[in-house]
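Each chain is listed here by its residues.
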Amino acid sequence: MERVLTERGRATRDRIVEGAARLLRERGVPNVGLDDIRAATATSKSQLFHYFPDGKSDLLLAVAEYEAAEVIADQQPMLGDLVDLATWHAWRDRVVERYAAQGDRCPLTALTAQLGLADPATRTIITRMYDRWQSHLADGVRALTAVGAIPPGADPDRSATAILTAICGGATMLQATNRITYLEVALDDALSALGVGRG
């Protein structure tokens, strides 16, 4: 059963999660312990275990949820407003820019590798992120169809899934090779197939 926090309690928990996320990004998940997080966030041991009773596993799940939310937030406001071709192109550029800056170090992937995707809680975090992402893209396809900006007949959910899969496949290859080209080509081809390419 989820604990109900006061406003002050939520703020304290958020501060710990955000501080832990920064530290994990800088040093890598295997190189950070609870004592490091306590020091970086000026948190006492009792306070840390008050918000994360199961210790590091609880905290890593919270950070994974934070990082999943950041994946979507980093694409805003374009992702939530894909109503014309210019916004789609700006969103495409933001995605490529974000992954190029990240390179082969994805904080969310590092966390899920540590936690294990077989863990139902981890799987739920990732699935919700993909569902939100796919829903925004599908809404964007519907918006373009409504104004006649793309040929009629596109299946919004199928098109959104193809675009999202292109990004995730390209991101996986980026992590393996540190080459952004895979993501650029896959995403551009998926957008061109929908009629959203730059031509």
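Residue numbers restart at each chain and count upward from 1, following the sequence in its written direction. Note on the predicted model: pLDDT of at least 70 is required for a residue's local features to be given, and 80 or more for side-chain atom pairs to be given and counted; whole-chain, interface and lining totals, by contrast, use all residues. Only hydrogens and water are removed before side-chain values are computed, so all heavy atoms of the structure are retained for them.

Undergrad: I'm lost on the overall build of the protein in this one. Help?
TA: In this text, helices come from DSSP runs of H or I with a minimum length of four residues, and strands from runs of E with a minimum of two, each type numbered from the N-terminal end. What the protein contains, in helices and strands, is 9 helices and 0 strands. Overall, the protein is about 60 × 40 × 30 Å in size when its C-alpha atoms are taken along their principal axes. Type-normalised accessible area, obtained with a 1.4 Å probe on protein chains alone, sets the label of each residue: buried when under 20%, exposed when over 50%, and partly exposed for intermediate values. Across the 199 residues in the protein, those meeting the buried criterion constitute 42%. Only heavy atoms enter the contact rule, under which two residues are in contact if any of them lie within 4.5 Å. Long-range pairs, those at least 24 residues apart, make up 71% of the contacts in the protein between residues at least 6 apart in sequence.

Undergrad: Explain the packing of aromatic side chains to me, please; I cannot follow it from the model alone.
TA: Between two aromatic rings, the relevant description is the distance of the centres plus the angle of the planes. Only Phe, Tyr and Trp rings take part, Trp by its six-membered ring, and two of them pair if their centres are within 6.5 Å. Stacked means planes under 30 degrees apart, edge-to-face means over 60, and tilted covers everything else. A complete count under the given rule lists 1 aromatic pair for this structure. Residues Trp88 and Trp91 carry aromatic rings whose centres are separated by 5.7 Å and whose planes lie at 85° to one another, so their mutual orientation is edge-to-face. Here Trp91 and Trp88 lie together in helix α5 (residues 85-102), a separation of 3 residues that amounts to about one turn. Exposure remark for Trp91: the relative accessible area of 0% places this residue in the buried category. One cation-aromatic arrangement involves Arg98 over Tyr99; the distance from NZ or CZ to the ring centre is 4.9 Å. Put simply, a charge is over a ring when the Lys NZ or the Arg CZ is close to the ring centre, within 6 Å, and near the line of the ring normal, within 35 degrees.

Undergrad: I keep staring at the UniProt feature "domain: HTH tetR-type" (unreviewed entry) in the protein and nothing clicks. Help me out?
TA: UniProt positions are given in the numbering used here, feature names are shortened, and annotations may be inferred rather than shown by experiment. Annotation from UniProt places "domain: HTH tetR-type" (unreviewed entry) at residues 10-70. What you have in residues 10-70 is 79% helix and 0% strand, and the ends, taken at the C-alpha atoms, are 18 Å apart.

Undergrad: What is the right way to read the state of the cysteines from this model?
TA: Any covalent bond linking the sulfur atoms of two cysteines counts as a disulfide. Any two cysteine sulfur atoms within 2.5 Å of one another count as a disulfide. Counted under the stated rule, the structure contains 0 disulfides. Here Cys106 stays unpaired: no disulfide links it, and the sulfur of Cys168, its closest cysteine neighbor, is 9.8 Å away. The class for Cys106 is buried, based on a relative accessible area of 15%.

Undergrad: Quick question: what am I supposed to make of the nonpolar core here?
TA: For soluble globular proteins, the rule of thumb is that nonpolar side chains tend to be buried together. Leu59, Trp88, Trp91, Trp133, Leu137 and Ile163 are the most contacted members of the largest nonpolar core, which totals 59 residues. The biggest single contributor to this core is helix α4 (residues 56-73), with 9 residues. The residues touching Trp91, leaving out its near neighbours within four places in the chain, are Gln75, Met78, Leu79, Leu82, Trp133, Leu137, Ile163, Ile167, Leu187 and Leu191. The criterion is simple. A nonpolar core is a set of buried Ala, Val, Leu, Ile, Met, Phe, Trp, Tyr and Cys residues joined through side-chain atoms within 4.5 Å.

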